[in-house]
Amino acid sequence: MNILVINAGSSSLKYQLLNPETEELLAKGLCERIGIDGKFTYKPQIEGKEKLDAVDIAMPTHAEAIKTVLNTLVDPKNGVIASMKEIDAVGHRVVHGGEKFAHSVLITDDVMKAIEECIPLAPLHNPANITGIKACQEVMPGVPMVAVFDTAFHQTMPPRAFTYAIPYEYYTQDGIRRYGFHGTSHSYVSKRAAEILDLPIEVLKIVTCHLGNGSSVDAIAGGKSIETSMGFTPLDGLPMGTRCGSIDVSIIEYLMENHNMTIDEVMNILNKKSGMLGVSGVSSDFRDLEKAADEGNERAKLAIDMFCYKTHKRIGSAAAAMNGIDVLIFTAGVGENSPELREKIASGLDFMGVKIDHTRNMVRGKEAIVSTDDSRVKILVIPTNEELVIAQDTASIASGK
Ligand code: AMP
């Protein structure tokens, strides 16, 4: 069974073709500048097939982009499948499913309507996801499509965790509450940890740290998300590449009044010019920051220090939410690849049984147990694989399991 996984943005579209049973990746790539000029990248994973790197191909619409992807996948010379019939279903990443979706679903007209109703909750993301779905439906009629939501995994959070302390009618009427994101990633790495440790997930208290360009920490008790650091939108929680994370909301009013800014200008600063970039003045990219810090840049050092401190505190708060912690997991770009940041974040948590092993921790981008033998809490590095989760959910829903 082959599943095409689509992650559509407003002018871009990431794709992967994979077999969810064998976990074999056949090809992946990216369409960029859709509706502008069009750049196409294709990375077949089969020996002897040639890749394409940001080549110019006109893609005026998402439908044209999907056609380009399909034509390339079935290309007699460099394709990885013989015909479109070998694509059994399409899995779409959808950012916001609101309270309507606690699981992945087969896309029907009613589901499309419900995803559209979630647009006010994710005005930047859901419209692009919808465009991607419609483009696939147009180009691949009759092929089952499944929506997999970033928010779904967190729908198990109890009201005390998701309620904001503002007048209750803003929740009942407007849906203002904590939703949480990165759900497929938190879900995947927590399940993988249980498999690696050969323990039933139902008995584990797991804290997952998804640390990348966007970051969130999740508390998972018995396999269910019960508390997470992101909120109504992915702006909340930890400081990120360019996002501010949790701040005192009065700062917004202060900036508007004292700098004569509009709300759009302030929100643009908090989304695009804050976080690591804003504090360091160097970059949003952690590799650049680590290099600058090594060269003595004080603000780069401060940005890293601040990020590690806030992540460290969030781990404590996630453990408090579960009255304990058995497993601590690091994933995503920074979590998988930076031993230095992992050590900085995890040290000073020995009071709750977390002890990281300096030598074992020297791994990058692969699964490993990095706690000391006498650490009560197992610390794991697990590369995330959101596309595999989407493909597996899609396969089981499309085949009616
Ligand atoms: P993601 O959003 O998960 O793709 O993560 C992107 C972030 O991971 C960027 O800030 C990268 O700088 C960071 N990253 C990737 N590789 C490394 C590395 N070897 N060391 C430190 N940070 C890394």
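Just above sits the structure.
Residues numbered from 1 in each chain as written. Predicted model: local features only at pLDDT ≥ 70, side-chain atom pairs only at ≥ 80, totals over all residues. Heavy atoms only, no water.

Asker: Quick question: what am I supposed to make of the overall build of the protein chain here?
Answerer: Helix and strand counts for the protein chain come out as 14 helices and 14 strands. Taking 2.2 N^0.38 as the reference for a compact globule, 401 residues should give roughly 21 Å; the C-alpha atoms of the protein chain span a radius of gyration of 21 Å, in line with that estimate. For the C-alpha atoms alone, the extent of the protein chain along its principal axes is close to 60 × 55 × 45 Å. A buried classification covers 50% of the 401 residues belonging to the protein chain. In the protein chain, once contacts between residues fewer than 6 apart in sequence are set aside, the share between residues at least 24 apart is 61%. Put simply, the protein chain shows about 18,500 Å² of open surface, and 51% of that area lies on carbon and sulfur atoms. Side chains of the protein chain give 40 positive and 52 negative charges; the mean places of these two sets differ by 2 Å. (Helix = DSSP H or I, 4+ residues; strand = E, 2+ residues; numbered from the N terminus. Rg over C-alpha atoms; globule rule 2.2 N^0.38 Å. Buried < 20%, exposed > 50% of the residue type's maximum accessible area, 1.4 Å probe, protein only. Contact = heavy atoms within 4.5 Å. Areas by Shrake-Rupley, 256 points an atom, 1.4 Å probe, with all protein chains shown as cover. Lys, Arg positive; Asp, Glu negative; His and termini not counted. Charge placed at Lys NZ, Arg CZ, Asp CG, Glu CD.)

Asker: It is not clear to me how the site of the ligand should be interpreted in this structure. Could you clarify?
Answerer: In the region of the ligand, the neighbouring residues are G212, N213, D285, F286, R287, E290, A332, G333, V334, N337, S338 and R364. Within the backbone of F286, one N or O atom sits 3.0 Å away from an oxygen atom of the ligand. Within the complex, the protein chains bury 74% of what would otherwise be the 510 Å² of accessible surface of the ligand. With four residues, the single largest contributor to the shell around the ligand is helix α12 (residues 332-337). (Near = heavy atom within 4 Å. Polar contact = N/O pair within 3.5 Å; in protein donor to acceptor, adjacent residues only side chain to side chain.)

Asker: Before we go on, may I ask you to explain the packing of aromatic side chains in this structure?
Answerer: Taken as a whole, this structure holds six aromatic pairs when the rule is applied. Aromatic side chains F162 and Y171 sit 5.6 Å apart centroid to centroid with 50° between the ring planes, which places their arrangement in the tilted category. Here the aromatic rings of Y179 and F232 are separated by 6.4 Å at their centres, their planes lie at 35°, and the arrangement is tilted. On the criterion of sequence distance, the pair formed by Y179 in the loop between α5 (169-174) and α6 (183-197) and F232 in the loop between β11 (224-228) and α7 (250-258) is long-range, its members being 53 residues apart. Owing to a relative accessible area of 24%, F232 belongs among the partly exposed residues under this scheme. Taken together, the ring pairs in this structure connect F162, Y168 and Y171 into an aromatic cluster. (Phe/Tyr/Trp six-rings, centres within 6.5 Å; stacked < 30°, edge-to-face > 60°.)

Asker: Help me understand helix α13 (residues 339-346) in this model?
Answerer: Counting along an α-helix, one turn takes 3.6 residues, and residues three or four places apart therefore face a common direction. Looking at α13, one finds that the buried residues are P339, L341, R342, I345 and A346. Across the axial projection of α13, the buried residues extend over an arc of 165°, all falling on one side. Where α13 is buried, its residues meet β9 (205-211), α10 (286-294), α11 (298-322), β12 (327-331), α12 and β14 (378-381). Following α13 by one or two positions, G348 has its phi on the positive side, about 85°. (Arc of directions from axis to C-beta.)

Asker: So what exactly am I meant to see when it comes to the nonpolar core here?
Answerer: Where a protein is soluble and globular, its nonpolar side chains tend to be buried together. Ranked by internal contacts, the top residues of the largest apolar core, which has 41 residues, are L4, I6, L13, L73, I115 and M140. Top element by residues in this core is helix α1 (residues 62-73). It accounts for six residues. Dropping the residues within four chain positions of it, L13 is found in contact with I6, N7, A8, G29, L30, C31, I34, H62, I66 and V69. (Core = buried A, V, L, I, M, F, W, Y, C linked by side-chain atoms within 4.5 Å.)

Asker: Mind showing me how you'd approach the pattern of salt bridges here?
Answerer: Once the charged atoms of two side chains with opposite charge are near each other, the side chains can pair. The full count for this structure, using the stated rule, is 18 salt bridges. R177 serves as the salt-bridge partner of E99, at 2.7 Å between the closest nitrogen and oxygen. One end of the pair, E99, is in the loop between β6 (89-94) and β7 (105-106); the other, R177, is in the loop between α5 and α6, with 78 residues separating them in the sequence. Put simply, R178 and D236 hold a salt bridge, and the shortest N to O gap is 3.5 Å. Taken as a pair, R178 in the loop between α5 and α6 and D236 in the loop between β11 and α7 lie far apart in primary sequence, 58 residues in all. (Salt bridge = Lys/Arg side-chain N within 4 Å of Asp/Glu carboxyl O.)

Asker: Can you walk me through the environment of A194 in this structure?
Answerer: Topologically, A194 is positioned in helix α6. On the basis of relative accessibility, which here comes to 6%, the residue A194 falls in the buried class. For A194 and L204, which are ten residues apart along the polypeptide, the C-alpha to C-alpha distance reads 8.0 Å. The contact partners of A194, leaving out residues within four places of it in the chain, are L199, I201 and L204.

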